[in-house]
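So the chains spell out like this:
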Amino acid sequence: MHMKKLFLFAVAMFVATASFAQEKGDMCISGTISLELGSQTTTVSSGSHSISASEPLNTEFNFAAEYGYFVADNVKVAMALAVPFTSSPTHQLEGSWLADNTAAFTINPNVAYYLRFADRFYYTPEVGVAFSFGSGKSQLTKTETVTTPFWGWNIYTTLLALEYKVTDNMAIGASVGSLVYGSIISTSDPQVSTAVSQFKFDLNNSSLHFRFYF
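All values reported here derive from a predicted model rather than from experimental measurement.

Q: So what exactly am I meant to see when it comes to the overall build of the protein here?
A: Helix and strand counts for the protein stand at one helix and 13 strands. Counting helices and strands in the order they occur from the N terminus, the protein gives α-β-β-β-β-β-β-β-β-β-β-β-β-β. Burial analysis of the protein (214 residues in total) assigns 24% to the buried set. Within the protein, contacts between residues at least 6 apart in sequence are counted, and of these 59% link residues at least 24 apart.

In structure tokens form, the structure reads like this:
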């Protein structure tokens, strides 16, 4: 009787796992939106007197759409397209804040592995490469700007990634942090270009996605 219970338990676990497994040939589409903005206030006190000054923080917005195909059980190959935007305040002029604004278009092929560790919960680490093309605009005055085109690439891995299957076809997920190595090349004029390479572990980078499987 004890062996029979163990057998039934094993069968039940297999059925539960198979019910939410991602098998070869499955496909999915997903969308990701991230937004970061805010302000900070600095207060200097001296006795009974205090002076406060407020300034905006960086504004970052990113929208991405992705199509994925499972080339093997629990192994997804995907292509994502993203549109990131960043505005970084630089200084105040005549009561208004001037900023450096950057807009880009990113192509991002990637590979993810699905490891089921609890009922409906998956650990989904990802590696990929991203190619970016865009331009940056620096505001010198309210009416004068300098535009600098750029392009770049980076190789990344996202290790802290989770996904929850709401149903067999719908899921929500989140990722926090990434390990990145890449380069950005900007051109201030046809004769001058600047290349900046970087390697970083970014724990502040987080995103939320919604995914549909079919």
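Q: Is there a simple way to explain unusual backbone geometry in this structure?
A: Outside of glycine, negative phi angles account for most residues, and trans bonds account for most peptide bonds. Despite not being glycine, N74 shows a phi value in the positive range, around 70°. Looking at the secondary structure, you find N74 in the loop between strand 4 (59-72) and strand 5 (75-93). Of the residues examined, N74 reaches a relative accessible area of 19% and is grouped as buried. The residue R120 is not glycine, and still its phi comes out positive at about 75°. Here R120 lies in the loop between strand 7 (115-118) and strand 8 (121-123).

Q: Hey, could you run me through the side chain of T32 in this one?
A: Position of T32 relative to the elements: it lies in strand 1 (residues 27-36). Taking relative accessible area as the criterion, T32 reaches 16% and is therefore assigned buried. With residues up to four places along the chain from it excluded, the contact list for T32 reads N62, F63, A64, S207, L208 and H209.

Q: Hey, could you run me through the nonpolar core in this one?
A: Formed by C28, F70, A112, Y114, Y122, A171 and Y213, the largest nonpolar core amounts to seven residues. Non-local contacts of C28, meaning those with residues more than four positions away in its chain, are made with E66, Y67, G68, F70, K76, R211, F212, Y213 and F214.

Q: Just to check I follow, could you spell out the pattern of salt bridges for this structure?
A: Any two side chains of opposite charge can pair, so long as their charged atoms come close to each other. Tallied over the entire structure, the rule returns four salt bridges. Note that R211 and E66 form a salt bridge whose closest N and O atoms lie 3.1 Å from each other. Remark: E66 occurs in strand 4 and R211 occurs in strand 13 (residues 192-213); sequence separation between them is 145 residues. Assigned by exposure class, R211 and E66 land together as buried. D119 serves as the salt-bridge partner of R116, at 3.4 Å between the closest nitrogen and oxygen. Among the ionic contacts, a cluster of salt bridges with common partners joins E66, K76, E163 and R211.

Q: Before we go on, may I ask you to explain the packing of aromatic side chains in this structure?
A: The geometry of an aromatic ring pair comes down to the distance between the two centres and the angle between the two planes. If you walk through the whole model with that rule in mind, you get eight aromatic pairs. Ring geometry for W153 and Y181: centres 5.8 Å apart, planes at 65°, overall edge-to-face. Highlighted residues: W153 in strand 10 (residues 145-158) and Y181 in strand 12 (residues 170-189), separated in sequence by 28 residues. Pairing F212 with F214 gives two aromatic rings, centres 6.1 Å apart and planes at 20°, and the pair type is stacked. On the basis of relative accessibility, which here comes to 35%, the residue F212 falls in the partly exposed class. We classify F214 as partly exposed; its relative accessible area is 43%. Members of the aromatic cluster, each reached through a chain of ring pairs, are F70, Y114, Y122 and Y213.

Calculation notes
- Residues numbered from 1 in each chain as written.
- Predicted model: local features only at pLDDT ≥ 70, side-chain atom pairs only at ≥ 80, totals over all residues.
- Heavy atoms only, no water.
- Helix = DSSP H or I, 4+ residues; strand = E, 2+ residues; numbered from the N terminus.
- Buried < 20%, exposed > 50% of the residue type's maximum accessible area, 1.4 Å probe, protein only.
- Contact = heavy atoms within 4.5 Å.
- Core = buried A, V, L, I, M, F, W, Y, C linked by side-chain atoms within 4.5 Å.
- Salt bridge = Lys/Arg side-chain N within 4 Å of Asp/Glu carboxyl O.
- Phe/Tyr/Trp six-rings, centres within 6.5 Å; stacked < 30°, edge-to-face > 60°.

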